[in-house]
Structures are given as C-alpha cells and as structure tokens.
Amino acid sequence: MAAEKINIMIVEDESIVAMDLSAGLEHSGYNVIGIADNAGDARDLYEQNEVDIVLMDINLIGDKDGVDTVVDLMKIKQRPVIYLTAFTDNNTVERVKKTYPAAFLTKPYSIANVRIAIDLALNNFAALKEEQQAGKVISMQPAAAPASKAAGDIVHSPESLPA
C-alpha cells in the first residue's frame, strides 16, 4: 500500500458491523475518517473531511437510505462508492446502478474482499480521472442527480454515450 493512507468513510446503521469493519480496515492500514448511521451525519462527515472512498450500507437510520445518500454526496464531490449491504433485491440493485458504484458487496463480508474492492475502486477512479483530464472520457453524474456543469466539465447521461 502507498505511504499515504487512504481515507475511508463508513455509512452503516448497525454499530457492531461498523466498528468491526472499521477495525479491520484500520488494521489493514487504512484511515477511517468516521462512521455515520444516517444521511445527515454522512453528509457532514463527507463535507468536513477529505474522503477518498465511501463504504455505504443501503439500510440507514432516518428517511433517506444509502442510495439516496450517495446521490446527495456525489453532488458535493465525486468519489468512488462501494455498497456493502444485505439488500440484494432487484429493485434495490436497479436503484444502485443509477449511482454508478465502484462495487456492490453483500453481507456477510470478508475484509479481504472489501480490501480488494477498495483497491480496484481507487485504481479505476484514478484512471478515469486521468482520462477525463486528458479529455478522453466524459464525466458521468449519478442518474438521479441533476447534472451540474463546472467550468470545463462535460456532463451527460450514459444513454447519450456511443454504443
């Protein structure tokens, strides 16, 4: 692993699962910047910290679930998201797809699989960002989020990409 620690935010409503995941990641050399169990706390953590990757459960405390929370977070800044959940029904998976996650892992998880997913997600995100800066790839926003254009960004939906 690189000398600079990777900053991970965990969004998980079950405290025992969150603490176990956090301990496993920290033991593996990652920096867990915080744990949230609801959308509001997740947003606060995300805005107040440098986050490299988000591990997101689907079921959260409060009105918003993990999918809605990811849509909100990606409006703030784009980072890779790995869903880590027990919810695998078709409706949930279809909603998740619209947020373009880096991975979707089911519970119970193994820390080894989580580490691999994190490594691949960060590698792919860095490669995509490099290609975007070179003008080779078009930036994609979550489908549920309104596309907002920053200076120099080209934003459009996957439907408009060539087949």
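Look above for the structure.
To start, this report covers the structure provided alongside it. The structure presented is a predicted model; accordingly, all values stated were derived computationally and were not measured.

1. A word on the nonpolar core
Alright, step 1. Counting residues in hydrophobic clusters, the biggest one holds 21 residues, and the most contacted among them are Ile-8, Leu-25, Leu-55, Ile-82, Val-114 and Ile-118.
Alright, step 2. The set of elements that each furnish at least two residues to this core consists of β1 (7-11), α1 (15-27), β3 (53-56), β4 (81-85), β5 (103-106) and α5 (111-133).
Alright, step 3. In terms of residue count, α5 provides more of this core than any other element does, five residues in total.
Alright, step 4. Once residues lying within four places of it in the same chain are set aside, the contact partners of Ile-82 are Ile-53, Val-54, Leu-55, Met-56, Ala-102, Ala-103, Leu-105, Ala-117, Ile-118 and Ala-121.
Alright, step 5. Core analysis: the second largest hydrophobic core is formed by 19 residues, Ile-33, Met-56, Val-70 and Val-96 among them.

2. What to know about a nonpolar patch on the surface
Alright, step 1. The grouping of Ile-16, Met-19 and Ile-35 at the surface amounts to a nonpolar patch, some 320 Å² of accessible area in total.
Alright, step 2. Relative to the assigned elements, Met-19 resides in helix α1.
Alright, step 3. Of the residues examined, Met-19 reaches a relative accessible area of 52% and is grouped as exposed.

3. Brief notes about the pairing of strand β2 (residues 31-36)
Alright, step 1. Taken together, the five bridges between β1 and β2 define a ladder with parallel strand orientation. Looking at β2, one finds that Ile-10 is bridged to Ile-35.

4. Focus: the sheet that holds β1
Across a sheet, paired strands are connected by hydrogen bonds in the backbone, their directions being either parallel or antiparallel.
Alright, step 1. With parallel pairing, five strands are arranged side by side in an open sheet as β2-β1-β3-β4-β5. Each edge of the open sheet is held by one strand with a lone partner, namely β2 and β5. When strand polarity is set aside, the average angle formed by the axes of neighbouring strands in this sheet is 20°.
Alright, step 2. Pairing of β3 with β4 involves three bridges; the strand directions are parallel. Of the residues in β4, the one forming a bridge with Met-56 is Tyr-83.
Alright, step 3. Across the sheet, α1 lies against β1, β2, β3 and β4, angled at about 170° from β2, the strand it touches most.
Alright, step 4. Contacts from helix α2 (residues 39-48) reach β1, β2 and β3 within the one sheet, and its direction differs from that of β2 by about 150°.

Scoring rules and cut-offs
- Residues numbered from 1 in each chain as written.
- Predicted model: local features only at pLDDT ≥ 70, side-chain atom pairs only at ≥ 80, totals over all residues.
- Heavy atoms only, no water.
- Core = buried A, V, L, I, M, F, W, Y, C linked by side-chain atoms within 4.5 Å.
- Buried < 20%, exposed > 50% of the residue type's maximum accessible area, 1.4 Å probe, protein only.
- Helix = DSSP H or I, 4+ residues; strand = E, 2+ residues; numbered from the N terminus.
- Contact = heavy atoms within 4.5 Å.
- Patch = residues over 30% accessible without salt bridge, like charges linked within 9 Å, V, L, I, M, F, W, Y side chains within 5 Å.
- Areas by Shrake-Rupley, 256 points an atom, 1.4 Å probe, with all protein chains shown as cover.
- Salt bridge = Lys/Arg side-chain N within 4 Å of Asp/Glu carboxyl O.
- Pairing = 2+ DSSP bridges.
- Axes fitted to C-alpha atoms, helices over the stretch in contact; angles between N-to-C directions.

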